[in-house]
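# Observations on chain architecture
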Amino acid sequence: PDGPVVVLSAGKAAPAMAACAAAHLGREIRSGLVVSSTPASVPSSFEQIVGGHPAPSAESERAGRRALDLASTMPEDTTLLVLLSGGASALMAVPAAGLTLGDKRETTEQLMHAGADIHALNTVRKHLSAIKGGRLAVAAPGPCLCLAISDVVGDDLSVIGSGPTVGDPTTFDDALETLDRFGGRASYPSAVVAHLARGVAGGV
């Protein structure tokens, strides 16, 4: 990107991606955040948060909220550069209004236990989130550029990291149907089922 940049690097390869960005962009970087699964050396101008994986942790929620804060407070002439790799979904987790991190964690664990693949898992995750499904990009007043290392068969950008910078082609109906397929609605937190039902009815 041309001009000033804010860098958000998230996923298992986040430290290496951040180092590459720092080497190429240098003084154009105004601030940076690395969200990784383990502590690592990161460029001195970058903040680092170690989130939980495969289940989101309290630090995952802190990382997601910090990412949204960085995006929403950027000047309009600054580009948000998002670098994604495997694990970013769990490492940045911001529950939608009315839900808790515990609701999201329990839902994720139940889906995984029931055999849901990454497409099914992320269909639900995106509808329980305030950052996934394009919401991170929406928070930025200026341009957003995302570069992703795919860990998803077929390389669907809306699925990699649950697509924080990509519009979500799935629906609340799809998310509820996913719960029905993987254990049934009674297997999931009542707040999650109610949230998805409100979405189907147009209330979210």
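The preceding data block contains the structure.
Summarised in this report is the structure supplied together with it. From a predicted model like this one, the values you see are computed outputs, not experimental measurements.

## Here we look at the sheet that holds strand β3 (residues 46-50)
Pairing within the open sheet is parallel, and its five strands lie in the order β3-β2-β1-β4-β5. With one partner strand each, in any of the chains shown, β3 and β5 (144-148) form the two edges of the open sheet. When strand polarity is set aside, the average angle formed by the axes of neighbouring strands in this sheet is 15 degrees. Inspection of the sheet shows strand β1 (residues 5-10) paired to strand β4 (residues 79-84) by six bridges, in the parallel sense.

## Points about the nonpolar core
Ranked by size, the top nonpolar core spans 22 residues in total, and within it Leu-8, Val-35, Leu-80 and Leu-136 carry the most contacts. When residues of this core are traced back to their parent elements, those giving at least two are β1, β2 (29-36), α2 (58-72), β4 and α3 (88-91). Broken down by element, this core gets its largest block of residues, five residues, from α2. Dropping the residues within four chain positions of it, Leu-80 is found in contact with Val-6, Ala-71, Met-74, Leu-136, Ala-140, Pro-143, Cys-144 and Leu-145.

## As for the packing of helix α4 (residues 101-113) against helix α5 (residues 118-127)
Following both chains from N to C, one finds α4 and α5 inclined at 165 degrees, their axes separated by 10 Å at the closest point. Here α4 is positioned roughly antiparallel relative to α5, judged by the angle of their axes. α5 is crossed by α4, and the crossing has right-handed handedness. Residues Lys-104, Thr-107, Thr-108, Leu-111 and Met-112 of α4 pack against Leu-121, Val-124 and Arg-125 of α5.

## Thoughts on the pattern of salt bridges
A complete count under the given rule lists seven salt bridges for this structure. In this structure, Glu-61 and Arg-65 form a salt bridge, with 2.9 Å as the shortest nitrogen-oxygen distance. In this pair, Glu-61 and Arg-65 are both assigned in helix α2, four residues apart and thus about one turn of the helix distant. Residue Arg-65 is classed as partly exposed on the basis of its relative accessible area, which comes to 42%.

## Some words on the environment of Gly-133
Tracing the chain through its elements places Gly-133 in the loop between α5 and α6 (135-139). Along the primary structure Gly-133 and Glu-109 are separated by 24 residues, whereas in three dimensions their C-alpha atoms are 20 Å apart. Among residues more than four places away in sequence, those in contact with Gly-133 are Lys-126, Ser-162, Gly-163, Pro-164, Val-166, Gly-167 and Asp-168.

## Some thoughts on the layout of surface pockets
The volume enclosed by the largest pocket comes to roughly 240 Å³. Taken together, 17 residues line the largest pocket, and the ones lying closest to its centre are His-53, Gly-87, Ile-118, Arg-125 and Asp-151. Elements with a minimum of two residues in the lining of the largest pocket: α3 and α5. Here the lining of the largest pocket is composed, by residue class, of eight nonpolar, seven polar and two charged. Taken as a whole, the second largest pocket spans an internal volume of roughly 170 Å³. Within the residue set of the lining of the second largest pocket, elements represented by two or more residues are α1 (14-25), β4 and β5. By residue number, the principal contributor to the lining of the second largest pocket is α1, which donates five residues. When grouped by side-chain class, the residues that make up the lining of the second largest pocket number ten nonpolar, one polar and no charged.

Cut-offs and rules
- Residues numbered from 1 in each chain as written.
- Predicted model: local features only at pLDDT ≥ 70, side-chain atom pairs only at ≥ 80, totals over all residues.
- Heavy atoms only, no water.
- Pairing = 2+ DSSP bridges.
- Helix = DSSP H or I, 4+ residues; strand = E, 2+ residues; numbered from the N terminus.
- Axes fitted to C-alpha atoms, helices over the stretch in contact; angles between N-to-C directions.
- Core = buried A, V, L, I, M, F, W, Y, C linked by side-chain atoms within 4.5 Å.
- Buried < 20%, exposed > 50% of the residue type's maximum accessible area, 1.4 Å probe, protein only.
- Contact = heavy atoms within 4.5 Å.
- Parallel < 35°, antiparallel > 145°, perpendicular 65-115°, else oblique.
- Left-handed = near helix turned anticlockwise from the far one by under 90°.
- Salt bridge = Lys/Arg side-chain N within 4 Å of Asp/Glu carboxyl O.
- 1 Å grid on protein atoms, 1.4 Å probe; cavity = no way out; pocket = protein on both sides within 12 Å on 5 of 7 lines; lining within 4 Å.
- Points joined across faces, edges and corners; volume = space filled by probe spheres on them.
- Nonpolar A, V, L, I, M, F, W, Y, C, P; charged D, E, K, R; others polar.

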